[in-house]
Amino acid sequence: MAPTHVLRCCQRGLAWIPVIFIALVVCWSYYAYVVELCIFTIPSIGEQIVYLIFFHLSFIMFVWSYWKTIFTKPANPSKEFCLPKAEKERYEKEERPESQQEILWRAATSLPLYTRTGAGAIRYCDRCQVIKPDRCHHCSACDMCVLKMDHHCPWVNNCVGFSNYKFFILFLAYSLVYCLFIAATVLQYFIKFWTNELPDTHAKFHVLFLFFVAAMFCISILSLFSYHLWLVGKNRSTIEAFRAPVFRTGSDKNGFSLGFRKNIAQVFGDQKKYWLLPIFTSQGDGLTFPTRLVNADIEQATVTLQPEPDKSAAEVPSSPLSDSQNRLLSNDQHANNVEDHLANNTLKSAESETITISMESES
């Protein structure tokens, strides 16, 4: 039986096969378009120049984003999420799950954690021996915990997560543009070769096959790209789309949604001039994320308006913000615990109308 490390090396080598396949297809498409189509088939010099300029722009952006997606290392939890040595030894020696959870709860009191397991326990990775930050998951293919893990993509031989999710979206976008441009510009010559309006040359096979390949990739990429745009708009990962994150109040599929614009900014950043470039501009550090409680619970504040006696009372719920959203959106320091508080303020206007605002929250 072969040693384990040899099998591991073989698995890593085989994992590059999809990437090599894509690279070969891209190289062939470059040759077929530039040489066989533009140089040997298109008679007009002006048309050749225009096609080659736009082709190379889309080609460069596609290759750039694909490269960044492949070779950007997935972000991992920081050392603060590792158990101290003494606590780690106690955790490993402890056999009862209840006692292990007590150790994790003590270690997690100083950490910004707002998600739990389905049973309400602290999320801990026995493989990596770290407390999992919010939206962090263990990738079995990469054998590591990945911050804001979306999925492991075999076509890039990498785990798509916080560090390269923007690059992955741009890779899908520019690959779609690349394929659409090829299909649109090749179509007229595809028809001419198909109807024998052009003589049979060595370029005929390349042009015909180039159109079929570009059209096929367009269809497959379009569906995947549309799905991930929907995920970005909802501020969800692929994992969270199938299994909603669990907060202290229960599972909430929209727990990390901050509204469409802020959801877009979470991935692409605040400066729009960098959105289309495959450079890292995502917000945050991948360890903590602003959240919004959607389901009504006891932690949400309620604002009660009490006008003059001759007017009917109206109760207006405030925006369902969690403590973590208030902490991150205002750039304040991390809040470790939610304190019980009850405050009553009375404001008097010039017309002697009194509005009483009552804020109630319980942890």
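Residues numbered from 1 in each chain as written. Predicted model: local features only at pLDDT ≥ 70, side-chain atom pairs only at ≥ 80, totals over all residues. Heavy atoms only, no water.

## Some words on the pattern of salt bridges
Stage number 1. Counting across every chain of the model gives six salt bridges.
Stage number 2. The salt bridge partner of Arg 90 is Glu 87, with a shortest N-O separation of 3.9 Å. Taken as a pair, Arg 90 and Glu 87 lie in helix 4 (residues 85–93) at a separation of three residues, close to a single helical turn.
Stage number 3. Given a relative accessible area of 45%, Arg 90 falls into the partly exposed group.
Stage number 4. The salt bridge involving Glu 240 is made with Arg 135; its shortest N-O contact spans 2.8 Å. Residue Glu 240 is found in helix 8 (residues 238–242), and its partner Arg 135 is found in the loop between strand 3 (130–131) and strand 4 (137–139); the two are separated by 105 residues along the sequence.
Stage number 5. Overlapping salt bridges bring together Glu 87, Arg 90 and Arg 106 as one network. (Salt bridge = Lys/Arg side-chain N within 4 Å of Asp/Glu carboxyl O. Helix = DSSP H or I, 4+ residues; strand = E, 2+ residues; numbered from the N terminus. Buried < 20%, exposed > 50% of the residue type's maximum accessible area, 1.4 Å probe, protein only.)

## Focus: the sheet that holds strand 8 (residues 246–247)
Strands belonging to one sheet form pairs held by backbone hydrogen bonds; the direction of such a pair is parallel or antiparallel.
Stage number 1. Read across the sheet, three strands follow the order 1-8-9 without closing on themselves; strand pairing throughout is antiparallel. In this open sheet, the two strands that pair with only one neighbour each are strand 1 (115–116) and strand 9 (250–251).
Stage number 2. Across two bridges, the pairing between strand 1 and strand 8 is antiparallel. Directly across from Thr 115, in strand 8, lies its bridge partner Phe 247. (Pairing = 2+ DSSP bridges.)

## Topic: helix 3 (residues 45–71)
A turn of α-helix holds 3.6 residues, and therefore any two residues three or four places apart point the same way.
Stage number 1. For helix 3, which comprises 27 residues, the first-to-last C-alpha distance of 38 Å matches the rise-based estimate of 39 Å (1.5 Å per residue) to within 8%.
Stage number 2. When helix 3 is considered as a whole, its buried residues turn out to be Gln 48, Tyr 51, Phe 55, Ser 58, Phe 59, Met 61, Phe 62, Ser 65, Tyr 66, Thr 69 and Ile 70.
Stage number 3. Where helix 3 begins, one side-chain oxygen reaches toward the backbone nitrogen of Gly 46, 3.5 Å away; that side chain belongs to Ser 44. (Expected span 1.5 Å × (residues − 1). Polar contact = N/O pair within 3.5 Å; in protein donor to acceptor, adjacent residues only side chain to side chain.)

## A closer look at the packing of helix 2 (residues 17–39) against helix 7 (residues 202–234)
Packed helices, taken two at a time, are described by the angle between their axes plus the distance between the axes.
Stage number 1. As a packed pair, helix 2 and helix 7 sit with axes 10 Å apart at the nearest point and diverge in direction by 130°. In terms of axis orientation, helix 2 runs oblique to helix 7. For the pair helix 2 and helix 7, the sense of crossing is left-handed. Between helix 2 and helix 7, the residues in contact are Ile 22, Val 25, Trp 28, Ser 29, Tyr 31, Ala 32, Tyr 33, Glu 36 and Leu 37 and His 202, Ala 203, His 206, Val 207, Phe 209, Leu 210, Val 213 and Phe 217, respectively.
Stage number 2. Of the residues that constitute the contact of helix 2 with helix 7, the class distribution is 13 nonpolar, three polar and one charged. (Axes fitted to C-alpha atoms, helices over the stretch in contact; angles between N-to-C directions. Parallel < 35°, antiparallel > 145°, perpendicular 65-115°, else oblique. Left-handed = near helix turned anticlockwise from the far one by under 90°. Contact = heavy atoms within 4.5 Å. Nonpolar A, V, L, I, M, F, W, Y, C, P; charged D, E, K, R; others polar.)

## Quick word on empty space enclosed by the protein
Stage number 1. A complete count under the given rule lists two cavities of 30 Å³ or more for this structure.
Stage number 2. Its boundaries defined by the atoms lining it, the second largest cavity holds a volume of some 50 Å³.
Stage number 3. Considering the residues around the second largest cavity, the lining is formed by Lys 148, Phe 162, Tyr 165, Lys 166, Gln 266, Val 267, Ser 282, Gln 283 and Phe 289.
Stage number 4. Secondary-structure elements contributing two or more residues to the lining of the second largest cavity are helix 6 (165–194) and helix 9 (260–268). (1 Å grid on protein atoms, 1.4 Å probe; cavity = no way out; pocket = protein on both sides within 12 Å on 5 of 7 lines; lining within 4 Å. Points joined across faces, edges and corners; volume = space filled by probe spheres on them.)

## Things to note about helix 5 (residues 97–108)
Stage number 1. Look at helix 5: 16 Å from first C-alpha to last across twelve residues, which is about the 16 Å you get at 1.5 Å a residue.
Stage number 2. Where helix 5 is concerned, the buried positions are Ser 99, Gln 100, Gln 101, Ile 103, Leu 104, Ala 107 and Ala 108.
Stage number 3. Residues of helix 5 that are buried sit in contact with helix 4, strand 2 (124–125) and strand 3.

## Comments concerning the nonpolar core
Stage number 1. Counting residues in hydrophobic clusters, the biggest one holds 53 residues, and the most contacted among them are Tyr 33, Phe 55, Tyr 165, Ile 182 and Val 186.
Stage number 2. Among the secondary structure elements, those contributing two or more residues to this core are helix 2, helix 3, helix 6, helix 7 and helix 9.
Stage number 3. Per element, the largest residue contribution to this core is 18 residues, and it comes from helix 6.
Stage number 4. Once residues within four sequence positions are removed from consideration, Phe 55 is found in contact with Ser 29, Tyr 30, Tyr 33, Val 34, Tyr 178, Phe 181 and Ile 182.
Stage number 5. If you look at the next biggest cluster of nonpolar residues, it comprises 24 residues, including Leu 111, Cys 145, Leu 147 and Phe 247. (Core = buried A, V, L, I, M, F, W, Y, C linked by side-chain atoms within 4.5 Å.)

## Things to note about the UniProt feature "transmembrane region" (unreviewed entry) in the protein chain
Stage number 1. Taking the UniProt record as the reference, the feature "transmembrane region" (unreviewed entry) is found at residues 12–33, 48–67, 167–191 and 203–227.
Stage number 2. With 91% helix and 0% strand, the stretch residues 12–33 has end C-alpha atoms that lie 33 Å from each other.
Stage number 3. Strand forms 0% of residues 167–191 and helix 100%; the C-alpha atoms that close the span are 36 Å apart. (UniProt positions renumbered as here; feature names shortened; annotations may be inferred.)

## Structural notes on unusual backbone geometry
Stage number 1. With a phi close to 55°, Asp 143 is a non-glycine residue in the positive phi region.
Stage number 2. Among the secondary structure elements, Asp 143 is positioned in the loop between strand 4 and strand 5 (144–146).
Stage number 3. In this structure Asp 143 comes out as partly exposed when scored by relative accessible area, which is 30%.
Stage number 4. Backbone geometry at Asn 157 places phi at a positive 50°, although glycine is not the residue there.
Stage number 5. Structurally, Asn 157 can be placed in the loop between strand 6 (151–153) and strand 7 (158–160).

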